[in-house]
Amino acid sequence: MPDVLVIGGGVIGLTTAVKLRESGLAADIWTAERADRTTSAVAGATWYPYRASPVERVLDWTRRSRAYFDAMAADPRTGVTIRESLQFWREPLTELPWWAGAVPDVRLCTGSELPPGFAGGYRFTQPVVTMPVYLRYLTERFERAGGSITTKAIASFSEPAAVAPAVVNCTGLASRTLADDPEVVPVRGQWVRVANPGVERVIADFGHPEGEAYLIPHRDSCILGGTGEEGEWDTTPDPETAAKLVARCAELDPRVARATVLEHRAGLRPVRSAGVRLTAESTVEGGLLVHDYGHGGAGVTLSWGCAEEVESILRARISR
Ligand SMILES: Cc1cc2nc3c(=O)[nH]c(=O)nc-3n(C[C@H](O)[C@H](O)[C@H](O)COP(=O)(O)OP(=O)(O)OC[C@H]3O[C@@H](n4cnc5c(N)ncnc54)[C@H](O)[C@@H]3O)c2cc1C
């Protein structure tokens, strides 16, 4: 019998299960879908606390996660690299952003760093995570630590609770029904992946009148984003939106307008109005149910910090 069953095999479930296994707890995963079919596989992904709350806990989890990503960046098999990042705004900025406490090297852009049309900006370094590679890496790391992944969709938490004394709910948006939580809602994000024409830095325009624009360079490709459509459930990429994204991103780097398009994707960020739910409760079976969902646009960013917290909750309850 496992000590813990983690339900969900996206970035939150996989990271939690790796953390638990590597700290000596026998954790296994049950998941409706394998990692490459999850929302996590659609993430851009940069280490950045986007659309997640509450602020103090998010800053703490973001800071803790950074140490893991910095360490993984030393190994190219992880899909993690550290990139320079520039965020531009159309109005002047005089103060560092709310997330500055989690980012070691953020500073205001100097005037000479601002392209025409922008009046303010931030400059910092940021882990960039190539999700298909990273999710494969996490899966292998978990299996190497002795964990097993079973493809199984649950209808209720009493199913895993009958098998293990502790269950961790990492089902993201599905917690809306599984945990009967209407506060978790989709915020749709769409992007276009193009062959990388030589983009080296993450560049974002957060003041574009038609919506955000950002370029996230990976090794051979570059993601052009993005949208943030609240309450929208459709994951079919919209061609008109894609054309607008390419045009907005070309204002930041004209080379992307001529780059070969490789892929269109859209996914649903699990945003929770009350903030990430990381809480523990007793089950009617006498076991423990830890919820860990609602990470919004920052599941990758918060993953290791949240996994540390889940581990300490379980450590206090399970003696080994
Ligand atoms: C376009 C886009 C860009 C993004 N960019 C970033 C970024 O740059 N940085 C960042 O940090 N975050 C980013 N995000 C957010 C990030 O993708 C999410 O916060 C994260 O994927 C949530 O992970 P999760 O594991 O909770 O959920 P998911 O990845 O959705 O995983 C949920 C898991 O639960 C399983 N499951 C569901 N129902 C059941 C059931 N009944 N029984 C068993 N298993 C079940 C699923 O099969 C899946 O394995 C982005 C998201 C999108 C859509």
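- In the nomenclature of an unreviewed UniProt entry, the protein is known as D-amino-acid oxidase of Amycolatopsis minnesotensis.
- UniProt annotates the protein under Catalytic activity (unreviewed entry) with the comment "a D-alpha-amino acid + O2 + H2O = a 2-oxocarboxylate + H2O2 + NH4(+)".
- The heading Cofactor (unreviewed entry) in the UniProt record of the protein holds the text "FAD".

### Examining the layout of surface pockets
Part 1 of the reasoning: Put simply, the second largest pocket is a space of about 320 Å³.
Part 2 of the reasoning: Lining of the second largest pocket is provided by 14 residues; of these, P76, G79, T130, V133 and R219 occupy positions nearest its centre.
Part 3 of the reasoning: Counting residues per element, the lining of the second largest pocket draws most heavily on strand β3 (residues 80-89), at 3 residues.
Part 4 of the reasoning: Broken down by class, the residue content of the lining of the second largest pocket amounts to 6 nonpolar, 5 polar and 3 charged.

### Side note on the pairing of strand β11 (residues 221-225)
Part 1 of the reasoning: In terms of residue burial, β11 counts as a mostly covered element, since 5 of its 5 residues are buried.
Part 2 of the reasoning: Of the two faces of β11, the one lined by S221, I223 and G225 and the one lined by C222 and L224 are each fully buried.
Part 3 of the reasoning: Bridge analysis of strand β8 (residues 184-195) against β11 gives 5 bridges, and the strand direction is antiparallel. Directly across from R193, in β11, lies its bridge partner I223.
Part 4 of the reasoning: Of the pairings in the sheet, the one linking strand β10 (residues 213-217) to β11 comprises 4 bridges and is antiparallel in character. The partner of Y214 across the bridge, within β11, is G225.
Part 5 of the reasoning: A loop of 3 residues connects β10 with β11, the two strands running antiparallel in sequence.

### Things to note about the site of the ligand
Part 1 of the reasoning: Taken together, 38 residues lie around the ligand, and T31, S40, T46, G296 and T301 are the ones closest in.
Part 2 of the reasoning: T46 has a polar backbone atom sitting 2.8 Å from a nitrogen atom of the ligand.
Part 3 of the reasoning: G297 is positioned such that a nitrogen or oxygen atom in its backbone is 3.0 Å from a nitrogen atom of the ligand.
Part 4 of the reasoning: Looking at the shell around the ligand, the elements with two or more residues in it are α1 (11-22), β8, β13 (261-272) and α7 (299-317).
Part 5 of the reasoning: Broken down by element, the residue count for the shell around the ligand peaks at 4 residues, all from β13.
Part 6 of the reasoning: For the shell around the ligand, a count of residues per class yields 17 nonpolar, 18 polar and 3 charged.

### Some remarks on a negative patch on the surface
Part 1 of the reasoning: Together, E232, D234, D238 and E240 make up a region of like negative charge exposed at the surface.
Part 2 of the reasoning: Here D234 is to be found in the loop between β12 (229-230) and α6 (239-252).

### Observations regarding unusual backbone geometry
Note: most peptide bonds trans; most residues except glycine with negative phi.
Part 1 of the reasoning: Omega for the bond connecting G44 with A45 falls within 30 degrees of zero, at -10°, which places this linkage in the cis form.
Part 2 of the reasoning: If you trace the backbone, A45 turns up in the loop between β2 (27-31) and α2 (55-72).
Part 3 of the reasoning: At R51, a residue that is not glycine, the phi angle is positive and equals roughly 50°.
Part 4 of the reasoning: Counting through the fold element by element, R51 comes out in the loop between β2 and α2.
Part 5 of the reasoning: Here the phi dihedral of D180 falls at roughly 50°; this positive angle occurs in a residue that is not glycine.

### Let's talk about the side chain of N169
Part 1 of the reasoning: Note that N169 resides in strand β7 (residues 166-169).
Part 2 of the reasoning: Within the structure, N169 has its side chain in polar contact with the side chain of S175 (distance 3.2 Å).
Part 3 of the reasoning: Apart from residues lying up to four places away in sequence, N169 is in contact with I7, F157, S175, A179, L289, V290, H291, D292 and Y293.

### Considering the sheet that holds strand β14 (residues 277-282)
Part 1 of the reasoning: Strand order in this open sheet of 6 strands is β6-β2-β1-β7-β15-β14, and the pairing throughout is mixed. Looking at the sheet topology across the chains shown, the edges are occupied by β6 (149-151) and β14. This sheet shows a mean twist of 20° between the axes of neighbouring strands, independent of strand direction.
Part 2 of the reasoning: Examined bridge by bridge, β14 and strand β15 (residues 288-293) share 6 bridges and lie antiparallel to one another. Across the sheet, A280 pairs through a bridge with V290, a residue of β15.
Part 3 of the reasoning: Along the sheet, α1 makes contact with β1 (4-7), β2, β6, β7 and β15, crossing β2 at roughly 165°.

Parameters and conventions
- Residue positions are counted from 1 within each chain, in the order its sequence is given.
- Selection of residues for local features in this predicted model requires a pLDDT of at least 70, selection of side-chain atom pairs for listing and counting requires 80 or more, and totals for whole chains, interfaces and linings are taken over all residues.
- For side-chain calculations, the full set of non-hydrogen atoms in the structure is used, while hydrogens and water are omitted.
- UniProt positions are given in the numbering used here, feature names are shortened, and annotations may be inferred rather than shown by experiment.
- Here a cavity is any set of points on a 1 Å grid over the protein atoms alone where a 1.4 Å probe fits but cannot get out, and a pocket is any open set with protein on both sides within 12 Å along at least 5 of 7 lines; a residue lines the site when it has an atom within 4 Å of a point.
- Grid points are joined across faces, edges and corners, and a volume is the space filled by probe spheres set on the points.
- Going along the chain from the N terminus, every DSSP run of H or I of four or more residues is numbered as a helix, and every run of E of two or more is numbered as a strand.
- When residues are sorted by character, Ala, Val, Leu, Ile, Met, Phe, Trp, Tyr, Cys and Pro go into the nonpolar class, Asp, Glu, Lys and Arg into the charged class, and all the rest, Gly among them, into the polar class.
- Accessible area is worked out with a 1.4 Å probe on protein chains only. A residue is then buried under 20% of its type maximum, exposed over 50%, and partly exposed in between.
- Think of it this way: DSSP has to see at least two bridges between two strands before they count as a pair.
- Neighbouring residues are identified by heavy atoms, a residue being near a molecule or strand if any of them is within 4 Å of it.
- Here a polar contact means two N or O atoms within 3.5 Å. Within protein one must be a hydrogen donor candidate and the other an acceptor candidate, and residues neighboring in sequence count only if both atoms are side-chain atoms.
- Patch construction takes residues with relative accessible area above 30% that form no salt bridge. Like charges are linked within 9 Å, and nonpolar side chains (Val, Leu, Ile, Met, Phe, Trp, Tyr) are linked within 5 Å.
- The protein chains shown are the only cover counted for residues, whose accessible areas, like all others here, come from Shrake-Rupley with a 1.4 Å probe.
- We define a salt bridge as a contact between a side-chain nitrogen of Lys or Arg and a carboxyl oxygen of Asp or Glu at a distance within 4 Å.
- All tallies of charge rest on Lys and Arg as positive and Asp and Glu as negative; His and the ends of each chain are not included.
- Where a charge lies is defined by one atom per residue type: Lys uses NZ, Arg uses CZ, Asp uses CG and Glu uses CD.
- The contact criterion used throughout is that any non-hydrogen atoms of two residues lie within 4.5 Å.
- Where helices are involved, their axes are fitted lines through C-alpha atoms of the stretch in contact, as for all axes, and angles between N-to-C directions lie from 0 to 180°.

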